[in-house]
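Chain by chain, the residues:
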Amino acid sequence: MMQCDFSASLPDGQARAAWLRSELNRHGHAYYVLDNPSIPDAEYDKLFSELQALEAAHPALITVDSPTHRVGGPPLPQFAQVTHSVPMLSLNNGFEEGDILAFDRRVKDGLQADQVNYAIDLKFDGLAINLRYENGVFVQAATRGDGATGEDVTANIRTIRSIPLRLRGTKVPTLIDVRGEVLMFKSDFSTLNARQRELGQKEFANPRNAAAGSLRQLDSRITAQRTLRFFSYGIGALEGSDLPESHSALLDWYADLGLPVCNERTVVKGADGLLHYFRNIGQSRMQLPYEIDGVVYKVNRFVEQKTLGFVSRAPRFALAHKFPAEEALTTVQDIEVQVGRTGAITPVARLAPVFVGGVTVTNATLHNEDEVARKDIRIGDTVIVRRAGDVIPEVVSFVPEQRPSDARKFLMPVSCPVCGSPIVKLEEEAIARCSGGWIKCPAQRKGGVMHFASRRALDIEGLGEQLIEQLVDKHAITTAADLYKLGFTSLAALERMANKSAQNVLDALEKSKATTLARFIYGLGIRHVGESTAKALAHHFGNLDALLVANEEQLLAVADVGPVVAHSIRQFFLDPLNVELVAQLRAAGLHWIEGPQRAPEIKPHSGKTFVLTGTLPTLTRDAAVEMIEAAGAKVAGSVSKKTSYVVAGEDAGSKLLKAQELGVAIIDEAGLLQLLRES
Ligand code: IVH
């Protein structure tokens with residue numbers, strides 16, 4: 001039991017307060033820096049409240065590094081100026097392979113070396129900050145400013161939980177300027193914007209702006225409500241300790257001192273090592289919890305850095321390798337519509353070609369008619385186009401100053417541009433659709449077959465968009481079932497189709513015949529039946545025949561199925577053409593292991609819905625989903641009143657807020673495991 005006797009005499013209280021501070025710092029470090037909590041939150045809160053109460057009863061016990069001082073203080077009239085004792089420089093940028101090879105060449109020439117070791121850090125998209133520690137105690141933080149003078153943001157920085165107020169370990173210098181980046185994680189950014197929306201306040205454009213806006217608050221109590229993070233990557237002044245011999249050793253030392261450093265850091269050899277790392281991180285950057293705009297290469301050994309020195313305001317020993325810009329300006333030459341698998345009509349902006357996010361973009365989706373109206377995008381406009389990672393390019397907004405007087409508004413066509421059938425818009429839907437169905441509309445036929453062949457459905461390798469277009473246009477196929485009737489000669493006769501590729505497609509088709517019931521159901525492309533509903537249906541009915549004849553009431557018994565979905569499934573199987581399609585596919589040899597119809601009531605959690613948010617301490621998302629589904633419950637993507645539990649992990653986002661708002665039960669990983677175990 002915790003001791004809470006505040007009447008204790010001052011010396012006793014002093015020892016207790018010191019102990020509490022060191023415990024809180026230790027647990028805070030495990031939680032905020034190592035991402036590895038060492039005690040339950042409630043225990044931490046108890047220790048915290050005890051220290052708060054002790055300090056309130058005996059103000060003499062308060063120290064500058066007390067963890068209770070992270071809540072922000074009264075607003076400042078303005079930020080004081082801070083002169084950096086060692087200037088904060090900027091970096092030269094490189095974009096292409098040639099820039100990196102030239103950098104490596106210059107470095108090797110400068111050092112007269114055949115090969116150089118480089119330390120690589122991520123280039124965080126935040127704000128550079130200098131943290132000053134005297135005898136291990138955090139005393140001041142300043143922004144980079146113009147490099148020579150910055151602004152004193154000490155009160156704000158104090159609210160960042162991962163920044164230690166006291167350095168740890170035995171090798172604490174008498175004075176050190178730690179440099180690094182303050183940033184906001186993507187999940188914290190969405191939580192913040194959700195809150196801004198609720199409060200009717202302006203949303204932030206991106207995590208960087210949100211971090212900047214939060215740090216430049218004169219009222220640090222506002223900063224305290226925003227979750228900011230910090231990664232260390234450099235050093236300014238240092239006294240009372242030797243500088244480690246390399247950048248990588250410096251960051252290892254920082255980690256020992258309890259400062260946050262990024263785990264993606266590494267050391268590589270030569271330009272090959274740099275480019276290899278760059279390619280890899282380029283592919284995985286979307287999975288990072290924060291945004292980066294490139295990576296930073298630094299000659300690892302400090303003596304070598306010194307030899308190379310600086311040109312004007314940037315070091316010769318370092319280079320920022322930037323990712324291609326993700327936003328660019330271009331003009332809208334036209335707005336046309338595309339017809340999807342379900343007949344959905346999507347307006348698409350035809351753009352003057354523009355290089356963005358590493359590719360040339362000529363089309364960008366405008367989603368639907370309402371979206372075009374909301375963003376007020378017109379033909380002739382200059383627009384901002386965004387392409388992040390593999391995401392489809394999007395038109396963000398138009399530039400009002402550059403709107404020509406003859407800019408034309410988009411008008412939704414009344415008939416399908418592909419098959420001429422009328423376009424209809426149901427009242428409850430935002431989307432307009434071609435009413436032709438796949439019988440009349442080749443665009444829907446192509447979409448349907450493409451969906452059937454896609455990776456998460458029948459996964460027919462090598463059967464891409466262009467091939468399917470040709471097959472449909474040449475009337476070689478009408479439905480997915482016709483794919484299995486294709487012969488070698490008809491395939492090999494297609495454009496850009498070598499004999500070898502034709503054989504590969506036939507092999508892939510053959511291979512796809514052995515599938516699962518869930519993939520098959522999903523591949524049929526029934527409206528409103530996504531992958532998880534397909535899985536739920538397969539699981540519930542066990543075999544296809546039971547599903548074919550299920551009425552809406554029976555369908556509603558499936559965990560994932562509501563009235564709209566049940567109706568859509570029933571309508572699908574009432575259509576003789578669809579029944580025929582299923583029969584033909586089975587006749588072509590598609591097969592899966594059928595099971596008996598399972599009784600849902602044996603599952604302890606059937607009917608319950610879970611929502612996962614944030615990172616769980618031990619379970620991966622997939623593992624958690626599997627366990628929940630195995631218990632008969634389903635996992636949904638968003639929180640509603642119907643949600644049974646929200647399982648929240650580290651960095652839980654807006655879903656957690658929503659759950660709190662709706663009063664939905666919130667559990668952590670331990671709670672989830674207990675729940676599943678109990679059942
Ligand atoms: S090192 C002398 N490392 O990039 C080199 N900078 O253009 C000093 N940045 O203002 C900077 N991540 O805001 C360094 N891992 C990293 C970085 C990084 C982001 C920013 C920093 C600086 C700018 C330099």
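About the criteria used
Residues numbered from 1 in each chain as written. Predicted model: local features only at pLDDT ≥ 70, side-chain atom pairs only at ≥ 80, totals over all residues. Heavy atoms only, no water. Near = heavy atom within 4 Å. Polar contact = N/O pair within 3.5 Å; in protein donor to acceptor, adjacent residues only side chain to side chain. Areas by Shrake-Rupley, 256 points an atom, 1.4 Å probe, with all protein chains shown as cover. 1 Å grid on protein atoms, 1.4 Å probe; cavity = no way out; pocket = protein on both sides within 12 Å on 5 of 7 lines; lining within 4 Å. Sits in = over half its atoms within 2 Å of the grid points. Helix = DSSP H or I, 4+ residues; strand = E, 2+ residues; numbered from the N terminus. Nonpolar A, V, L, I, M, F, W, Y, C, P; charged D, E, K, R; others polar. Phe/Tyr/Trp six-rings, centres within 6.5 Å; stacked < 30°, edge-to-face > 60°. Buried < 20%, exposed > 50% of the residue type's maximum accessible area, 1.4 Å probe, protein only. Contact = heavy atoms within 4.5 Å. Expected span 1.5 Å × (residues − 1). Pairing = 2+ DSSP bridges. Axes fitted to C-alpha atoms, helices over the stretch in contact; angles between N-to-C directions. Left-handed = near helix turned anticlockwise from the far one by under 90°.

Re the site of the ligand
Reasoning step 1: Around the ligand sit 14 residues, and of these Leu122, Phe124, Glu181, Tyr233 and Lys298 come closest.
Reasoning step 2: Here an oxygen atom of the ligand and a backbone polar atom of Leu91 are 3.2 Å apart.
Reasoning step 3: Measuring from a nitrogen atom of the ligand, one finds a backbone N or O atom of Phe124 at 3.1 Å.
Reasoning step 4: Taking 530 Å² as the accessible area of the ligand by itself, protein coverage stands at 84%.
Reasoning step 5: According to the grid-proximity analysis, the pocket containing the ligand is the second largest pocket.
Reasoning step 6: Secondary structure elements with two or more residues in the shell around the ligand: β3 (117-124) and β10 (292-299).
Reasoning step 7: The element best represented in the shell around the ligand is β3, accounting for four residues.
Reasoning step 8: A class-by-class count of the residues in the shell around the ligand yields eight nonpolar, one polar and five charged.

Points about the packing of aromatic side chains
Reasoning step 1: Taken as a whole and assessed by the stated rule, the structure comprises 16 aromatic pairs.
Reasoning step 2: Centre to centre, the rings of Phe124 and Phe231 are 4.9 Å apart; their planes meet at 25 degrees, and the pair counts as stacked. Taken together, the residues span a long stretch of sequence, with Phe124 in strand β3 and Phe231 in strand β8 (residues 229-239) at a distance of 107 residues.
Reasoning step 3: With relative accessibility at 5%, the residue Phe124 sits in the buried group.

Focus: the side chain of Asp482
Reasoning step 1: Position of Asp482 among the secondary structure elements: in helix α15 (residues 480-483).
Reasoning step 2: Among the polar contacts listed, one links the side chain of Asp482 to the backbone nitrogen of Thr479, at a separation of 3.0 Å.
Reasoning step 3: Apart from residues no more than four positions distant in its own chain, Asp482 is found in contact with Ala476, Ile477 and Gln584.

Description of the side chain of Gln305
Reasoning step 1: Within the element layout of this structure, Gln305 appears in helix α10 (residues 302-308).
Reasoning step 2: Discounting residues that sit within four places of it in the chain, Gln305 has contacts with His247, Lys298, Val299, Asn300 and Phe317.

Quick word on helix α19 (residues 531-541)
Reasoning step 1: Taken together, the buried positions of α19 are occupied by Thr533, Ala534, Ala536, Leu537, Ala538, His540 and Phe541.
Reasoning step 2: Residues of α19 that are buried sit in contact with α18 (517-523), α20 (544-549), α21 (552-556) and α22 (563-574).
Reasoning step 3: Looking one or two residues past α19, Gly542 carries a phi angle of roughly 75 degrees, positive in sign.

A short note on helix α9 (residues 270-284)
Reasoning step 1: End to end, α9 covers 22 Å across 15 residues, agreeing with the expected 21 Å (1.5 Å per residue, within 8%).
Reasoning step 2: All of the buried residues along α9 are Gly270, Ala271, Gly273, Leu274, Leu275, Tyr277, Phe278 and Ile281.
Reasoning step 3: Where the residues of α9 are buried, they touch α3 (97-111), β3, β9 (266-269), β10 and β13 (318-322).

A short note on the pairing of strand β14 (residues 327-339)
Reasoning step 1: Looking at chain direction, β14 and strand β17 (residues 382-386) are connected through five bridges and run antiparallel. Across the sheet, residue Ala328 finds its bridge partner in β17, namely Val385.
Reasoning step 2: Here β14 pairs with strand β15 (residues 344-356) via seven bridges, running antiparallel. From the neighbouring strand, Val339 faces β15, where its bridge partner is Ile345.

Some thoughts on the packing of α3 against α9
Reasoning step 1: Taken N-terminus to C-terminus, the directions of α3 and α9 make an angle of 145 degrees; their axes are 9 Å apart at the nearest point. Here α3 and α9 pass one another in a crossing that is right-handed. Facing Glu97, Ile100, Leu101 and Asp104 of α3, the residues of α9 in contact are Gly270, Ala271, Leu274, Leu275 and Arg279.
Reasoning step 2: A per-class count over the contact of α3 with α9 returns five nonpolar, one polar and three charged.

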